[in-house]
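Each chain, letter by letter, is given below.
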Protein chains: 2
Amino acid sequence: MDRSKALAQKIAEKIMERAQRSQRPIPVGISNRHVHLSQKHFEDLFGKGTQPRKLKSVVQPGYYACYETVTLAGPKGKISDVRLIAPARPKTQVEISKTDAMVLGIKPPVRDSGKLEGSSPVRLVGPAGEVDIAEGCILAKRHIHFAPEEAKEFGIQNGESVRVRAGTGGDRETVFEQVLCRVSGEFKLEFHLDTDEANACMVKNGDLVHIV
Amino acid sequence: MDRSKALAQKIAEKIMERAQRSQRPIPVGISNRHVHLSQKHFEDLFGKGTQPRKLKSVVQPGYYACYETVTLAGPKGKISDVRLIAPARPKTQVEISKTDAMVLGIKPPVRDSGKLEGSSPVRLVGPAGEVDIAEGCILAKRHIHFAPEEAKEFGIQNGESVRVRAGTGGDRETVFEQVLCRVSGEFKLEFHLDTDEANACMVKNGDLVHIV
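Predicted model, so just to flag it, every value in this text is computed and none were measured.

Describe the packing of aromatic side chains, and please don't skip the residues or the numbers.
All names here are of chain A. Taken as a whole and judged by the stated rule, the model has six aromatic pairs over all chains. Between the aromatic rings of F146 and F154, the centroid separation amounts to 5.4 Å while the plane-to-plane angle is 70°, which identifies the pairing as edge-to-face. F154 gets classed as buried once you look at its relative accessible area, which sits at 2%. Judged by centre distance (6.1 Å) and plane angle (45°), the rings of F176 and F191 are tilted.

I'd like to hear about empty space enclosed by the protein, residue by residue, with values.
Think of a ball as big as a water molecule: rolled over the atoms, this probe shows where empty space is left. All names here are of chain A. With the rule as written, the count across this model stands at two cavities of 30 Å³ or more. Quantified by volume, the largest cavity comes out at close to 70 Å³. Looking at the largest cavity, the residues that line it are S31, N32, R33, H34, E95, I96, S97, D100, A140, D194 and T195. A breakdown of the residues in the lining of the largest cavity according to their chemical character gives two nonpolar, five polar and four charged.

Can you break down the interface of chain A and chain B residue by residue, with the values?
Opposite the 25 residues of chain A that make contact, chain B presents 25 residues. Both sides of the chain A and chain B interface together cover about 2200 Å² of buried area, and 44% of this is carbon and sulfur. Area buried by chain A at its contact with chain B is led by V110(A), R172(A) and N199(A), which between them contribute 25% of it. There are six salt bridges connecting chain A and chain B. Across the salt bridge formed by R172(A) and D194(B), the nearest N and O atoms sit 3.0 Å from each other. The interface formed by chain A and chain B holds 27 residue pairs in polar contact (both at pLDDT 80 or more) in total. Secondary-structure elements contributing two or more residues to the side of chain A that touches chain B are helix 3 (98-104), strand 9 (130-140), strand 11 (161-166), strand 12 (174-183) and helix 5 (195-201) of chain A.

Give me the lowdown on helix 2 (residues 39-46) of chain B, citing residues and values where you can.
For an α-helix, 3.6 residues make a turn, and residues three or four places apart therefore share a direction. All names here are of chain B. The set of residues buried in helix 2 consists of H41, F42, L45 and F46. Axial view of helix 2: buried residues confined to an arc of 110°, hence all on one face. Where helix 2 is buried, its residues contact strand 4 (64-73), strand 5 (78-86), strand 8 (120-125) and strand 9 (130-140). One or two residues past the end of helix 2 sits G47, with phi positive at roughly 105°.

Requested: an account of the domain arrangement of chain A, with residues and values cited.
Residue and element names in this part refer to chain A. Along its sequence, chain A is carved into domain 1 (23-29 + 142-211) and domain 2 (32-140). For domain 1 and domain 2, the distance between their C-alpha centres works out to 24 Å. Taken together, the 12 residues of domain 1 in the interface contact 11 residues of domain 2. Here domain 1 packs against domain 2, burying approximately 920 Å² in sum over the two surfaces, 46% of which is carbon and sulfur. The largest share of the area that domain 1 buries against domain 2 comes from K188, T195 and D196, three residues that together contribute 38% of it. Linking domain 1 with domain 2 are six residue pairs in polar contact (both at pLDDT 80 or more). Counting only elements with at least two residues in the side of domain 1 that touches domain 2, the list comes to strand 12, strand 13 (190-194) and helix 5. Partitioning the side of domain 1 that touches domain 2 into residue classes produces two nonpolar, three polar and seven charged.

Any details on a nonpolar patch on the surface? Residues and values, ideally.
A cluster of nonpolar side chains, L7(A), I11(A) and I15(A), forms an exposed patch at the surface whose accessible area comes to about 300 Å². Relative to the helices and strands, L7(A) resides in helix 1 (residues 2-23).

So what's going on with the pairing of strand 1 (residues 26-31) of chain A? Residues and values would help.
Residue and element names in this part refer to chain A. Bridge count between strand 1 and strand 14 (residues 208-211): two bridges; the pairing is antiparallel. Residue pairing across strands places P27 opposite L208, the latter belonging to strand 14. Bridge analysis of strand 1 against strand 13 gives four bridges, and the strand direction is parallel. Within strand 13, the position partnered with V28 by the bridge is F191.

A description of the relation of the copies chain A and chain B should follow, citing residues and the corresponding values.
Structural alignment of chain A on chain B gives an RMSD of 0.0 Å, achieved by rotating through 180° and translating 0.0 Å along the axis. A rotation of that kind, with that shift, is consistent with a two-fold axis. Comparing interface residues between copies, 100% of those in chain A also lie at the interface in chain B; the contact surface is shared.

Cut-off values and rules
- Residues numbered from 1 in each chain as written.
- Chains lettered and ligands numbered in written order.
- Predicted model: local features only at pLDDT ≥ 70, side-chain atom pairs only at ≥ 80, totals over all residues.
- Heavy atoms only, no water.
- Phe/Tyr/Trp six-rings, centres within 6.5 Å; stacked < 30°, edge-to-face > 60°.
- Buried < 20%, exposed > 50% of the residue type's maximum accessible area, 1.4 Å probe, protein only.
- 1 Å grid on protein atoms, 1.4 Å probe; cavity = no way out; pocket = protein on both sides within 12 Å on 5 of 7 lines; lining within 4 Å.
- Points joined across faces, edges and corners; volume = space filled by probe spheres on them.
- Nonpolar A, V, L, I, M, F, W, Y, C, P; charged D, E, K, R; others polar.
- Contact = heavy atoms within 4.5 Å.
- Buried area = accessible area lost by both parts, 1.4 Å probe.
- Salt bridge = Lys/Arg side-chain N within 4 Å of Asp/Glu carboxyl O.
- Polar contact = N/O pair within 3.5 Å; in protein donor to acceptor, adjacent residues only side chain to side chain.
- Helix = DSSP H or I, 4+ residues; strand = E, 2+ residues; numbered from the N terminus.
- Arc of directions from axis to C-beta.
- Domains from an automatic or database assignment.
- Patch = residues over 30% accessible without salt bridge, like charges linked within 9 Å, V, L, I, M, F, W, Y side chains within 5 Å.
- Areas by Shrake-Rupley, 256 points an atom, 1.4 Å probe, with all protein chains shown as cover.
- Pairing = 2+ DSSP bridges.
- Least-squares fit on C-alpha atoms with pLDDT ≥ 70 in both.

Following this line, the structure appears as structure tokens:
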């Protein structure tokens, strides 16, 4: 009898946790194709002594979109006007959609930001030069950013996987499985997905989704 | 007691139905952007007295992809090499992805094939002329084609909505809600989705998905 009571208690807690998580909406942030550059690659592409010029802030604190853009070149095609996100990172990272990858003729893996080992090579072309990266091009794995206090409210641990329902009630309602939760003092609540994923469920920036 | 027995019986039947439905895999068919043309529009674009030349059959019986392609033009951009699917239809229908729509600068609605009232205008350009359609451009609503005997095996009625799990075990596992089931003697079992949706769940032609 005690065992079944303990089980009932656990089930009740799980139900409560799910109810709590699914209650609070999470705003959508759609990642269009973009590049993060190392300081060296920035200088190779835009010239020594130049600085990235801020166009606008992005939702995640500290990052900003720049006036600077590059062209990506692959074996099959090119994509121009690919926005630089600053400041510089230790390693150059190129984030594109699968649709973009097919235009370029490359097959980047789905990866978490920063996990670049064995990811795709691609050529970057800027006004001052070209850079061939041996790896660094990825399809970003969809994820949610949480500030620590937000994660606490949701009952979420860093690294946890959740399911997210998007486009509820629309023509393309979709449930995304295995959405990575990332918790950091530098983050702000936002569900990140790429343009293919956003188009598949017909959401736009700022739309609200729920953990289910 | 009889009432609860009847309920238990109903629940058991529902469980059995779901188990049966989810057991059998359904192959994926990805719809790249394409056009169906009326006979008149075909002649306007490719010239009077010409005939569409078959490139290859598609999975759905009776239809074939042609050597002929058109260019689509919208207020913001153009997309060339858009494949013609023959034979002619009573009304011209242009099926594109949301990604394509953003390139063209138009906002087509999500629609079932053939339901074109109030859908988007677009310009079609061929080697012999141009056609401006006042409506006919859509984002195709994802759907499953069933032959009648296949529908019977699944326990599916024409017009029913189901949920489909795709990319199971992969990096982008996804559940598509409200997938329309279409049953016809002219159909063959296939889950149709567009390139955005296929990229969002990382499936390719012939991959298998399941009703859940």
